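Residues per chain, in single letters:
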Amino acid sequence: MIGVEKQFQTFVEEDKYIKYYLKRSTLLRIESVERMQSVLDKIDTSMFNTDRIALNPYFGCEVANRRYRNWICQEYNAESYLFEIEFNKQVVGFCLMKIDGSSVVYLLGGIYPSYKGLGVGLLIPLAPYLFAKNYEDIVLMKVKTHISSNNMEIVRCYTNLGYSITSIDYVFSKLVNL
């Protein structure tokens, strides 16, 4: 698990790729249990396949995804912000965030399976910036998150956008025969 963070003022909107994505993207706030269920229904076993639970042969992707669905429900009920990410008028993924003081804590995000490999993965680390632009009345200084070190694509995405690594945590599981 890698902790990363970035100051909001260091997002460079003049970068032609970032500008391209930001211009065509928006966050759609999920404000009902029915819409939250729609997000949960789109999560399948291919979404979080680099997670430590998904990689564990005793658990696998199904258990990992159930874990994420439960976490989304828990955070939604705790008044975190759940959004779907729209790009070129297509809903391509989701993100879950909360505010901690002057920081956006990015809890979870993912690209829906039918959009993987189509170049929209950059929207995951850009989502907090879109969030901050939508809520300009809240003074937000930085974004913080943790990403799986097994997911090299997203690690490269965050580091290429200038996020700083703030921690590297090793998480171990011990299986006990009961």
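Before reading further, recall that the structure is shown in the block above.
Here's what I pulled together on the structure shown here. Position numbers for residues start from 1 in each chain and track the written sequence from start to end. In keeping with the predicted nature of the model, local features appear solely for residues at pLDDT of at least 70, side-chain atom pairs appear and are counted solely at 80 or more, and the whole-chain, interface and lining totals rest on all residues. Calculation of side-chain values draws on the structure's entire complement of heavy atoms; hydrogens and water are dropped beforehand.

### Side note on the overall build of the protein
On a plain count of helices and strands, the protein comes out with 6 helices and 7 strands. Numbering of helices and strands starts at the N terminus; helices are DSSP runs of H or I of at least 4 residues and strands are runs of E of at least 2. Traced from its N-terminal end to its C-terminal end, the protein shows the element sequence β-α-β-α-α-α-β-β-β-α-β-α-β. Here the protein has a C-alpha radius of gyration of 16 Å; the compact-globule value for 178 residues is 16 Å, and the two agree. Each principal axis of the C-alpha distribution contributes one length, and for the protein these read about 55 × 35 × 35 Å. Each residue is placed in one exposure class: buried if its accessible area under a 1.4 Å probe, protein chains only, is under 20% of its type's maximum, exposed if it is over 50%, and partly exposed if it falls in between. Out of the 178 residues in the protein, the part that is buried amounts to 43%. Contacts are assigned to residue pairs with any non-hydrogen atoms lying within 4.5 Å of each other. Considering only contacts within the protein whose residues lie at least 6 apart along the sequence, 66% involve residues at least 24 apart. We get accessible surface area from the Shrake-Rupley algorithm with a probe of 1.4 Å; when it comes to residues, only the shown protein chains can shield them. For the protein, the exposed area adds up to about 10,100 Å²; of that, 50% sits on carbon and sulfur atoms. In this tally, Lys and Arg are treated as positive and Asp and Glu as negative; His is ignored, and so are the chain termini. Charged groups are reduced to one reference atom each: NZ for lysine, CZ for arginine, CG for aspartic acid, CD for glutamic acid. If you average the places of the 20 positive and of the 19 negative side-chain charges in the protein, the two averages end up 4 Å apart. As defined in this context, the radius of gyration uses C-alpha atoms, and a globule is described by 2.2 Å times the residue total to the power 0.38.

### Observations concerning the packing of helix 1 (residues 16–23) against helix 5 (residues 123–134)
Running from amino to carboxyl end, helix 1 crosses helix 5 at an angle of 70°, the nearest separation of the two axes being 11 Å. In terms of orientation, helix 1 lies roughly perpendicular with respect to helix 5. The handedness of the crossing between helix 1 and helix 5 is right-handed. For the pair formed by helix 1 and helix 5, the contact residues are I18, Y21 and L22 on the first element and L123, L126, Y129 and L130 on the second. Throughout, an axis means a line fitted to C-alpha atoms (over the contacting stretch in the case of helices), and angles, computed between N-to-C directions, take values from 0 to 180 degrees. Just so you know how the angles are binned, under 35 degrees is roughly parallel, over 145 roughly antiparallel, 65 to 115 roughly perpendicular, and the rest oblique. In a left-handed crossing the near helix is turned counterclockwise from the far helix by less than a right angle, and in a right-handed crossing that turn is clockwise.

### As for the sheet that holds strand 5 (residues 103–111)
A pair of strands counts as paired when DSSP detects no fewer than two bridges linking them. Reading across from one edge, 2-3-4-5-6-1-7 is the order of the 7 strands in this open sheet, with mixed pairing throughout. Edge positions in the sheet fall to strand 2 (25–29) and strand 7 (164–168), since each of these pairs with one other strand and no more. Direction aside, neighbouring strands of the sheet carry axes that sit 30° apart on average. Sheet analysis places strand 1 (residues 2–7) next to strand 7, joined by 4 bridges and oriented antiparallel. Its bridge partner lying in strand 7, I2 is registered against I168.

So yeah, pure geometry; function would need other evidence.
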